[in-house]
Amino acid sequence: MNAVGTPASTSAKSMAVFIDADNLNDATALDHVLLALRSMADRILYRRAYGRPESLKSIHAVLWRHGVRPVANLIVDKTTTDSALVIDAVEAVCTNDIDIVAICSGDADFVPLAIWLREKGCRVLCYSLANKIFANPDSFYDDVVLLDVVEAADFAEIAPQSQIARGSAAATEVESAKEPASTVKSQPIAAKAGGVPVVKAAVVSGPSIKKILSILPELKSKEPVHLSLIAKKLRDAGLLTATAKPVLLFRRHPAQFELMPERQPNTVRYRG
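The notes below deal with the structure included here. (Residues numbered from 1 in each chain as written. Predicted model: local features only at pLDDT ≥ 70, side-chain atom pairs only at ≥ 80, totals over all residues. Heavy atoms only, no water.)

Considerations on the overall build of the protein
Spelled out, the test is: Per the convention used, a helix needs a DSSP run of H or I reaching at least four residues, while a strand needs a run of E reaching at least two, with both numbered from the N terminus. Throughout this description, buried means an accessible area under 20% of the type-specific maximum (1.4 Å probe, protein chains only), exposed means over 50%, and partly exposed covers the range between.
In terms of helices and strands, the protein carries ten helices and eleven strands. Looking at the protein as a whole, 51% of its 272 residues qualify as buried.

Here we look at the nonpolar core
Heads up, the condition is: Residues enter a nonpolar core if they are buried and are Ala, Val, Leu, Ile, Met, Phe, Trp, Tyr or Cys, with the set joined through side-chain atoms within 4.5 Å. We call two residues contacting when some pair of their heavy atoms lies within 4.5 Å.
In terms of nonpolar packing, the biggest core is built from 28 residues, with Val 17, Ile 19, Leu 37 and Tyr 127 touching the most fellow members. Of all the secondary structure elements, the ones that give two or more residues to this core are β1 (12–20), α1 (27–37), β2 (41–51), α3 (60–66), β4 (100–104), β5 (123–129) and β6 (143–150). Here this core gets five residues from one element, more than from any other, and that element is α1. Contact partners of Ile 19, with chain neighbours within four places excluded, come to Leu 24, Leu 30, Leu 34, Arg 48, Ala 49, Tyr 50, Leu 63, Val 68, Leu 85 and Cys 104.

Remarks on the side chain of Ser 55
Quick note on the threshold: We define a polar contact as two N or O atoms separated by no more than 3.5 Å, with the added condition that, inside protein, one atom must be a possible hydrogen donor and the other a possible acceptor, whereas residues neighbouring each other in sequence contribute only through side-chain atom pairs.
Summarising the element assignment, Ser 55 is placed in helix α2 (residues 53–58). When its relative accessible area of 4% is taken as the criterion, Ser 55 is described as buried. Side-chain polar atoms of Ser 55 contact the side chain of Asp 22, separated by 2.7 Å. The contact partners of Ser 55, leaving out residues within four places of it in the chain, are Ala 21, Asp 22 and Asn 25.

So, the packing of helix α4 (residues 81–95) against helix α5 (residues 111–119)
Pairs of packed helices are described in terms of their axes, by the angle between the two and the distance that separates them. Applicable threshold: For every element, the axis is a line fit to its C-alpha atoms; helices are fit only across the contacting stretch, and the angle between N-to-C directions ranges from 0 to 180 degrees. Comment on the angle field: the value is read as roughly parallel under 35 degrees, roughly antiparallel over 145, roughly perpendicular from 65 to 115, and oblique elsewhere. Gly counts as polar in this scheme, as do all residues outside two lists: the nonpolar Ala, Val, Leu, Ile, Met, Phe, Trp, Tyr, Cys and Pro, and the charged Asp, Glu, Lys and Arg.
One can describe the packing of α4 onto α5 by two numbers: an axis separation of 11 Å at closest approach and a directional angle of 5°. Here α4 lies roughly parallel to α5, going by the angle between them. Together, Leu 85, Val 86, Ala 89, Val 90, Val 93 and Cys 94 of α4 and Leu 113, Trp 116 and Leu 117 of α5 make up the contact between the two elements. A class-by-class count of the residues in the contact of α4 with α5 yields nine nonpolar, no polar and no charged.

Regarding the environment of Val 17
Checked against the element boundaries, Val 17 lands in strand β1. Residues Val 17 and Ala 49 lie 32 residues apart in sequence; the distance between their C-alpha atoms is 8.4 Å. Discounting residues that sit within four places of it in the chain, Val 17 has contacts with Leu 34, Leu 37, Ile 44, Tyr 46, Arg 47, Arg 48, Ala 102 and Cys 104.

Remarks on the sheet that holds strand β11 (residues 267–270)
Put simply, the rule reads: Strand pairing is assigned whenever DSSP detects at least two bridges linking the two strands.
Overall, antiparallel pairing links the three strands, which are arranged β9-β11-β10 in an open sheet. The sheet terminates laterally at β9 (225–226) and β10 (257–260), the two strands that pair on one side only. Note: β9 against β11, two bridges, orientation antiparallel. Bridging from a neighbouring strand, His 226 pairs with Thr 267 of β11.

Things to note about helix α9 (residues 227–236)
Because each turn of an α-helix spans 3.6 residues, side chains separated by three or four positions end up pointing in the same direction. For clarity, the threshold we go by: By definition, the arc is the one covered by directions from the helix axis to the C-beta atoms.
If you check which residues of α9 are buried, you get Leu 227, Ile 230, Ala 231 and Leu 234. Relative to the axis of α9, the buried residues are bounded by an arc of 125° and lie together on one face. Projecting away from the buried face of α9 at angles above 90 degrees are the exposed residues Ser 228, Leu 229, Lys 232 and Asp 236. Elements that come into contact with the buried residues of α9 comprise β9, α10 (247–251), β10 and β11.

Points about the pattern of salt bridges
Note the cut-off: Salt bridges, as used here, are contacts in which a Lys or Arg side-chain nitrogen is within 4 Å of a carboxyl oxygen on Asp or Glu.
Enumeration according to the criterion identifies nine salt bridges in this entry. The shortest N-O distance in the salt bridge between Asp 31 and Arg 65 comes to 2.7 Å. Taken together, the positions of Asp 31 in helix α1 and Arg 65 in helix α3 put the pair 34 residues apart, joining distant regions of the chain. Arg 118 serves as the salt-bridge partner of Asp 142, at 3.6 Å between the closest nitrogen and oxygen. Of this pair, Asp 142 sits in the loop between β5 and β6 while Arg 118 sits in helix α5, and the two are 24 residues apart along the sequence. Taking relative accessible area as the criterion, Asp 142 reaches 30% and is therefore assigned partly exposed.

Some thoughts on the packing of aromatic side chains
Worth spelling out the cut-off: Geometry of aromatic contacts follows a simple scheme: Phe, Tyr and Trp rings, the Trp one being its six-membered ring, pair when their centres are within 6.5 Å, and the pair is stacked under 30 degrees between planes, edge-to-face over 60, tilted otherwise.
For the coordinates displayed, the defined rule picks out five aromatic pairs. Seen from their ring centres, Phe 134 and Phe 140 are 6.2 Å apart, and the 45° between their planes marks the pair as tilted. Residue classification places Phe 134 among the buried residues on the basis of a relative accessible area of 13%. By relative accessible area, which is 26% here, Phe 140 ends up partly exposed.

Description of the pairing of β4
Filter applied, for reference: With the strands pointing away from the viewer, any crossover whose connection runs clockwise from the first strand over the helix to the second is right-handed.
Along β4, five of the five residues are buried, which leaves the element largely enclosed by surrounding structure. Residues Ile 100, Ala 102 and Cys 104 line one face of β4 and the alternating positions Val 101 and Ile 103 line the opposite face, and both faces are buried. Relative to β4, β1 runs parallel, the two sharing five bridges. Paired with Met 15 across the bridge in β4 is Ile 100. Looking at chain direction, β4 and β5 are connected through five bridges and run parallel. Among the inter-strand pairings, Ala 102 is bridged to a residue of β5, identified as Leu 125. Crossover connection from β4 via α5 to parallel β5: handedness right-handed.

Here's what the structure looks like:
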């Protein structure tokens, strides 16, 4: 089985991992990502996290666990996170033979970097929280993995109880809104004892906006539609697995679909 959140058929001799801690600063999600990246290359040459001191402090235990070097912003009026990350990524690729670059951020400011890296022959991956990703990220990255942090009570609805409770720990599972035949599954990875949150991940390569609207014409009215009313249609069309929730599907297209309320959405509206 593939590691959680790992794009299929991805392996290399060397990798570089750059984390935008001002964007992906959820400790559970970041730990999930770094665990998944371990098996994707023979060596991870660069492991660096960039951000404000308070952002780095919130994930310091995860950085220490995975041997990631924190790089704090310079004390200036404007944040220097993006610039520092870009400079180091370019230097890393120019001075080393790196096959894969993982950018842990949903910030659109890294699109020029991703394009440049691909032109240099690198495979470029994006890991982002599902609610912080820009529109159409799969146009610029080779693979995009969206992370959704949920409470254990919510996760219990979509996974067997035996998978969630292993000893006193929680577990993680991949959910993908791909066609059923290409759904990525994984072995559970234990989270912090006693607790939640749990991370779900999905590799982005889903249906087009046109395809979604053809199956759900009621969205064309641009009025909010309850997710429970459209989930069955999506499953019948093969866009969702039997246990997957439609939230991740619509979060792939934040410019076109608005999920409401933001924290625990139960309706979706087509922006047009």
